[in-house]
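# A closer look at the structure
Chain residues, written in single-letter form:
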Amino acid sequence: MKRIITLQHCQSEQHINGMMGGWNDWELTKLGFEQARRIGERLGAELEGQSVKIYSSDLKRAAHTAAPLAERLGVEVEYRKELREKNFGPAVMGKSKEWYREHCDNFGDNIDERCMPGAETKREIYERLMPLCEEMLGRPEDTLVLVSHGGALSVWNVVWLGLPPEVMNTCGIFGKAGAMGEFNIYEGWERRIVRAGDLSYIRD
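These remarks concern the structure in this document. Computed from a prediction, not measured in an experiment: that's the story for all the values here.

One non-glycine residue, Glu187, lies in positive phi territory at about 55 degrees. Examined against the element boundaries, Glu187 turns out to sit in the loop between β5 (180-186) and β6 (190-198).

Quick look at the sheet that holds β6 now. Paired through backbone hydrogen bonds, the strands of a sheet run either parallel or antiparallel to each other. Strand order in the open sheet formed by six strands is β3-β2-β4-β1-β5-β6, with mixed pairing between adjacent strands. Edge positions in the open sheet fall to β3 (77-79) and β6, since each of these has one partner strand only. Pairwise comparison of adjacent strand axes, ignoring direction, gives a mean angle of 20 degrees for this sheet. Where helix α5 (residues 150-161) meets the sheet, its contacts fall on β1 (3-8), β4 (143-148), β5 and β6, and the angle it forms with β1 comes to roughly 160 degrees.

Let us now look at the nonpolar core. Counting residues in each nonpolar core, the largest one holds 23 residues, and the members touching the most others are Leu7, Leu43, Ile54 and Val145. Ranked by residues supplied to this core, first place goes to helix α2 (residues 60-73) with five residues. Apart from the residues within four sequence positions on either side, Val145 is in contact with Ile5, Leu7, Leu47, Val52, Lys53, Ile54, Tyr55 and Leu69. Grouped together as the second largest cluster of nonpolar side chains are 21 residues, Ile111, Leu129, Leu132 and Ile185 included.

Think of it this way: side chains of opposite charge can pair up when their charged atoms draw near. In the structure shown here, the tally under the stated rule is 20 salt bridges. One salt bridge in this structure joins Arg38 and Glu34, with 3.1 Å as the shortest N-O distance. Here Arg38 and its partner Glu34 are both found in helix α1 (residues 30-47), four residues apart, which amounts to about one turn of the helix. In this structure, Asp112 and Arg123 form a salt bridge, with 2.7 Å as the shortest nitrogen-oxygen distance.

Let's shift gears to the environment of Gln8. In this structure, Gln8 sits in strand β1. Classification of Gln8 as buried rests on a relative accessible area of 10%. It is 7.4 Å that separates the C-alpha atoms of Gln8 and Leu153, two residues lying 145 residues apart in sequence. Other than its neighbours up to four places away in sequence, Gln8 contacts Ser148, His149, Gly150, Leu153, Gly175, Lys176, Ala177, Gly178 and Ala179. A distance of 3.5 Å separates a polar atom in the side chain of Gln8 from the backbone oxygen of Lys176.

Calculation criteria
- Residues numbered from 1 in each chain as written.
- Predicted model: local features only at pLDDT ≥ 70, side-chain atom pairs only at ≥ 80, totals over all residues.
- Heavy atoms only, no water.
- Helix = DSSP H or I, 4+ residues; strand = E, 2+ residues; numbered from the N terminus.
- Pairing = 2+ DSSP bridges.
- Axes fitted to C-alpha atoms, helices over the stretch in contact; angles between N-to-C directions.
- Contact = heavy atoms within 4.5 Å.
- Core = buried A, V, L, I, M, F, W, Y, C linked by side-chain atoms within 4.5 Å.
- Buried < 20%, exposed > 50% of the residue type's maximum accessible area, 1.4 Å probe, protein only.
- Salt bridge = Lys/Arg side-chain N within 4 Å of Asp/Glu carboxyl O.
- Polar contact = N/O pair within 3.5 Å; in protein donor to acceptor, adjacent residues only side chain to side chain.

Function cannot be read off these values alone, since they describe shape.
This is the structure:
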């Protein structure tokens, strides 16, 4: 049975410095690196001996979350821009969250709203994740690991379930930094969310 594991990147600098995330390429904090180490040790022990493929966003906070697990399992990480966080547009690069709240046109809650000029919509994130999901289902490995970001993974949950993007106008499934999710295909046809928002891998 094919299994997919998602990891939301661990604590990064924008979680504590008041700055915007998105495509701003923040590093993990000291705590974030420790959380990533714990994930690598604990999840790596569970996956040892299985055939595993790891995909990660190419932004540093995701890539460095993936690194200890990849090292523990002795596999290469495939970096994919499709797994990046939402692009909030060029005007937001290097800006604070306070600046964003003061200048955004909206908060992008509707799937076709752009919060800023040049920003992605939720529909566009859905469309960039859909082909990757189909690609993964054709992979030969037993377990696939995706390391990404909170906003992108909230859209992934909808893509995985095969729901239309319009459902994101009224609902969402979100996690926290360092959270793990588990998905599988039951009896070859039913796509399931087995776990969501599991923080046990990063706790002391």
